[in-house]
Amino acid sequence: MIATVRWLRKQLAGIVALTLVAGLFLVSRLPESSAAEVDELASGYGFTPMSIAMPSGFPQQEIREVNQDYTDIDAWISSVGAGIAMNDLDGDGLANDLCITDPRIDQVVVTPTPGARADRYPPFALRNAPLPMNDVMAPMGCAPGDFNEDGFMDLLVYYWGRTPIVHLAEPEAGSLTAASYLPTELVPTAAGSQYTGPQWNSNAVAVADFDGDGHVDIYLGNYFPHGPVLDPKVSGGVAMNDSLSNASNGGEDYFFRWTGATEGPVPEVRFERLDDVLPTDLSKGWVLGSSANDVDGDQLPELYLAQDHGRDAMLHNRSTPGTIKFEPVLGASSPMLPKSKRMGADSFKGMAVDWGDLDRNGLYDLFVSNITTSFGIQESNYQFMATPESRSEMRARLQSGEAPWEDRSTDDGTAWSGWAWDVKMGDFNNSGDLAIAQTNGFVKGEVNRWPQLQELATANDLVVHDPSWWPHVRAGDDLAGSQRLHFFARKPDGGYVNIAGRLGLDVPVPTRGIATGDADGDGRIDLAVARQWDQPAFYHNEAPDAGAFLGLKLSHDDTPGAPGSPVVGAQVTVTTPDGRTLIDRVDGGGGHSGKRSSDVHIGLGDVTAPVTVVLEWRDRSGRMHDQELQLTPGWHSLRLGSRAEER
């Protein structure tokens, strides 16, 4: 007996440690739902997969050629670039046009959504001529927006290997074809047939009126340092991140402030490049996603940067017309809060971000994708929930330097999903609750490379910037290659459960960008997904017994005779007859490589009576306006100037 007691005393530290680990596991593991509960949730949703028409005749590839220093990790370097955006490009009043960046052909494709009216025009690839190009660049994403303010949607395309191109819509060109767009440099460069300008490697874009002057500006986030990432004839001039948790040697980020535009047969748009808006350590982070939204009610959008290799940034907008200025804010610290869970001080692998009011308290929450693979790299997603009681309290706490959000992903069942990428929140069955759609997966192959990647994850930061220290990831290697898209639906008693498998959304193919919008005007949000090295997919929303909805197309009043220029950043607050508060905004475009439509969509549940709607916006002169309306459920188109007028 005495010997046993002595033995137990010697093992006490280990017993306590095991008990603590077991306790933490029980506390932190995902809440479990019964099959019946999952089936019940899934019964309220429905999606039908449909094939997206793509143009033929382009050479196909399965992996990119890269800088010689990256040869042994060429599959890793080739793991991004599948993007998708959904919007109304032809002016027919529906978000039934797609802009797709397809790595298989390294082209930017405009194509109609499948289904009704898919025969409006054949799919086509954008033309860049007469702008200079070369064979060591690739498109990474496409962001629709009316950049020259003529009432027609243009396309901003960003690249690895060159500066972005704005394809300005030419309405006089007739039906939607490659000739409908005039390519224009965002950054003026030397003329000629071969591109010799800066080799930016861009992966993130957010479009918003950052300085409050009434015109949209552009944030452009670069990933790799400027250099020849995709040039197989070159050895050198490139690097990897200098840390896996706090890297600041990436490509420099830029803001572009709108300064003027012209419309007509030869449209133009002009932006002033701003190089010093962000501190250097944030500007040179390894950004993969960004999203802008006004969270405190001053009609100046805040900006969240999802930084791969650590330290995301929450930026409070302190701008004035003509001057873009942000201040980084940090989540409150406490002895029980790990640094990795503190907003703005984390060390996780930020991949994408989206805004939405998950708990329907009238304040915006955030969802941030990270790498969350069990027995791989298990961090967690962030479900950052706003803690203030009002927008005024939110504003005061942001002004004091605090980011008042708390991560509740573990409690709500959204912490772990896989090697996560783009994320979009939306009310896909008009129940009044948001669901969360999230892409997953990295490199698909046959040889498991997780053990080697785990070794790298524990390596010294002094060596990881050198590509030769990285594990081989080439064609045929696999890292999270069969991970599947997730669709988190809200449970009646709170929390979320992934029902993608029940909905037929969990195809084992790496996915990247997500775009959402109502393609056929039936009031249900459809889903479009870009797949890395595979055919993009469109999922038509056929949710049974979907609730009522309020759909708003909000455009400036200065483009008579044109489809209209979206009032990017306009805020919508709906109060239902039973007292619920529901919010949304005109999103200018953000996330990873997916861009939602600029329509506002708010699910109303079983509401059939008119609802109270408060609109807040800036006109073209930058003046702020607000107006209260009574609107019936369904679609409404309004022109916003000094007042809102339905058309």
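Computed from a predicted structure; not experimentally measured.

**Q** Help me understand the domain arrangement of the protein chain in this model?
**A** Much of the literature gives interface size as the accessible area that the parts lose upon coming together. The domains assigned to the protein chain are domain 1 (39–541) and domain 2 (549–646). Computed over C-alpha atoms only, the centres of domain 1 and domain 2 are separated by 24 Å. On the side of domain 2, 42 residues touch domain 1, which itself brings 72 residues to the contact. Carbon and sulfur atoms make up 47% of the surface buried where domain 1 meets domain 2, a total of about 4100 Å² over both sides. Among the ionic pairs, R391 bridges to E616, the shortest N-O distance being 3.0 Å. On inspection of domain 1 and its partner domain 2, the count reaches 36 residue pairs in polar contact (both at pLDDT 80 or more). Among the elements of the structure, β2 (83–87), β6 (138–145), β10 (202–208), β14 (286–293), β18 (352–356), β22 (420–426) and β28 (511–517) are those that each provide at least two residues to the side of domain 1 that touches domain 2. For the side of domain 1 that touches domain 2, the element with the highest residue contribution is β28, accounting for 6 residues. For the side of domain 1 that touches domain 2, a count of residues per class yields 31 nonpolar, 24 polar and 17 charged.

**Q** Can you walk me through the UniProt feature "domain: ASPIC/UnbV" (unreviewed entry) in the protein chain in this structure?
**A** Per the UniProt record, "domain: ASPIC/UnbV" (unreviewed entry) is found at residues 568–620. Secondary structure within residues 568–620 divides into 0% helix and 49% strand; the distance between the first and last C-alpha atoms comes to 11 Å.

**Q** Would you explain the environment of H601 in this entry?
**A** Assignment of secondary structure puts H601 in strand β35 (residues 600–605). Residue classification places H601 among the buried positions, given a relative accessible area of 12%. Residues H601 and F428, spaced 173 residues apart in sequence, show a C-alpha to C-alpha distance of 9.7 Å. At 3.0 Å, the side chain of H601 and the backbone oxygen of G523 are in polar contact.

**Q** Explanation requested: the state of the cysteines in the structure shown.
**A** In a disulfide, the sulfur atoms of two cysteines are held together by a covalent bond. The final tally for this structure, using the stated rule, is 1 disulfide. Note that C99 is cross-linked by a disulfide to C142, the S-S spacing being 2.1 Å. Across the disulfide from C99 to C142, rotation about the S-S bond amounts to roughly 100°, and the bridge is consequently right-handed. With a gap of 43 residues between them, C99 in strand β3 (residues 97–102) and C142 in strand β6 connect regions that are remote in the sequence.

**Q** Hey, could you run me through the sheet that holds strand β7 (residues 154–160) in this one?
**A** The pairing of strands in a sheet happens through backbone hydrogen bonds and is either parallel or antiparallel. The 4 strands lie next to each other as β6-β7-β8-β9, forming an open sheet whose pairing is antiparallel. For this open sheet the edge positions go to β6 and β9 (181–185), each flanked by a neighbour on one side alone. Each strand axis lies, on average, 25° off the axis of its neighbour in the sheet, ignoring direction. Pairing of β7 with strand β8 (residues 165–169), which is carried by 3 bridges, proceeds in the antiparallel orientation. Within β8, the residue paired with L156 across the bridge is V166.

**Q** Even after reading the chapter, I still don't get the sheet that holds strand β4 (residues 107–112), so can you show me in this structure?
**A** Taken in spatial order, the 5 strands of this open sheet run β5-β4-β3-β2-β34, and their pairing is mixed. Strands with a single pairing partner mark the edges of an open sheet, and in this sheet they are β5 (124–125) and β34 (594–595). Inspection of the sheet shows β2 paired to β34 by 2 bridges, in the parallel sense. Of the residues in β34, the one forming a bridge with I84 is G594.

**Q** What am I meant to see in the packing of aromatic side chains here?
**A** Enumeration according to the criterion identifies 26 aromatic pairs in this entry. Each ring, one from Y70 and one from F224, has its centre 5.6 Å from the other, and the planes form 45°; the classification is tilted. With Y70 in the loop between β1 (47–51) and α4 (74–77) and F224 in the loop between β11 (217–222) and β12 (254–262), this residue pair connects regions lying 154 residues apart in the sequence. For the pair Y70 and F224, a shared accessibility class is recorded, and that class is buried. Through pairs of rings, three or more aromatic residues link up here, namely W76, W419, W421, F442, W450 and W470. Above the ring of Y254, the side-chain terminus of R273 is found at 4.6 Å from the ring centroid. Above the plane of the ring of W421 lies R512, whose end atom (NZ or CZ) is 4.1 Å from the centre.

**Q** What should I look at first to understand the pairing of β9 in this one?
**A** Put simply, side chains in a regular strand alternate between the two faces of the sheet. Of all 5 residues that make up β9, 4 are buried, and the element is covered over most of its length. With 5 bridges joining them, β8 and β9 adopt antiparallel strand pairing. When the sheet's bridge partners are listed, V166 is paired in β9 with T184.

**Q** Help me out: how do you make sense of the pairing of strand β20 (residues 382–386) in this one?
**A** For β20, the buried fraction is high: 5 of the 5 residues fall into the buried class. In β20, alternate side chains face the same way, and those of Y382, F384 and A386 on one face and Q383 and M385 on the other are all buried. Judged from the 3 bridges that link them, strand β19 (residues 365–369) and β20 form a sheet pairing that is antiparallel. In the strand pairing of β20, L366 is matched with F384. Where β20 meets strand β21 (residues 405–407), 3 bridges bridge the pair, whose relative direction is antiparallel. Its bridge partner lying in β21, A386 is registered against W405.

**Q** Would you explain helix α3 (residues 35–42) in this entry?
**A** A turn of α-helix holds 3.6 residues, and therefore any two residues three or four places apart point the same way. Among the residues of α3, those classed as buried are V38, L41 and A42. The buried residues of α3 occupy one face: seen down the axis, they fall within an arc of 95°. Seen from the buried face of α3, the exposed residues on the opposite side, beyond 90 degrees, are A36 and E40. Elements that come into contact with the buried residues of α3 comprise β26 (486–490), β27 (496–498) and α9 (500–503).

**Q** Can you help me understand the environment of P471 in this one?
**A** Checked against the element boundaries, P471 lands in the loop between α8 (450–457) and β25 (477–478). Each C-alpha atom, one on P471 and one on Q454, is 9.6 Å from the other, the two residues being 17 residues apart in sequence. With sequence-adjacent residues up to four places away left out, P471 is seen in contact with D72, I73, Q452, L453 and L456.

**Q** What should I look at first to understand unusual backbone geometry in this one?
**A** In terms of backbone geometry, most residues other than glycine have negative phi values and most peptide bonds are trans. Here the bond from A129 into P130 is cis, since omega is 10°, no more than 30 degrees from zero. Although it is not a glycine, R117 adopts a positive phi angle of roughly 65°. Note that R117 resides in the loop between β4 and β5. Assessed through its relative accessible area of 42%, R117 is described here as partly exposed. Backbone geometry places W533, a non-glycine residue, at a positive phi of 65°. Mapped onto the fold, W533 is located in the loop between β29 (526–531) and β30 (537–541).

The rules behind the values
Residues numbered from 1 in each chain as written. Predicted model: local features only at pLDDT ≥ 70, side-chain atom pairs only at ≥ 80, totals over all residues. Heavy atoms only, no water. Domains from an automatic or database assignment. Contact = heavy atoms within 4.5 Å. Buried area = accessible area lost by both parts, 1.4 Å probe. Salt bridge = Lys/Arg side-chain N within 4 Å of Asp/Glu carboxyl O. Polar contact = N/O pair within 3.5 Å; in protein donor to acceptor, adjacent residues only side chain to side chain. Helix = DSSP H or I, 4+ residues; strand = E, 2+ residues; numbered from the N terminus. Nonpolar A, V, L, I, M, F, W, Y, C, P; charged D, E, K, R; others polar. UniProt positions renumbered as here; feature names shortened; annotations may be inferred. Buried < 20%, exposed > 50% of the residue type's maximum accessible area, 1.4 Å probe, protein only. Disulfide = S-S within 2.5 Å. Pairing = 2+ DSSP bridges. Axes fitted to C-alpha atoms, helices over the stretch in contact; angles between N-to-C directions. Phe/Tyr/Trp six-rings, centres within 6.5 Å; stacked < 30°, edge-to-face > 60°. Lys NZ or Arg CZ within 6 Å of the ring centre and 35° of its normal. Arc of directions from axis to C-beta.

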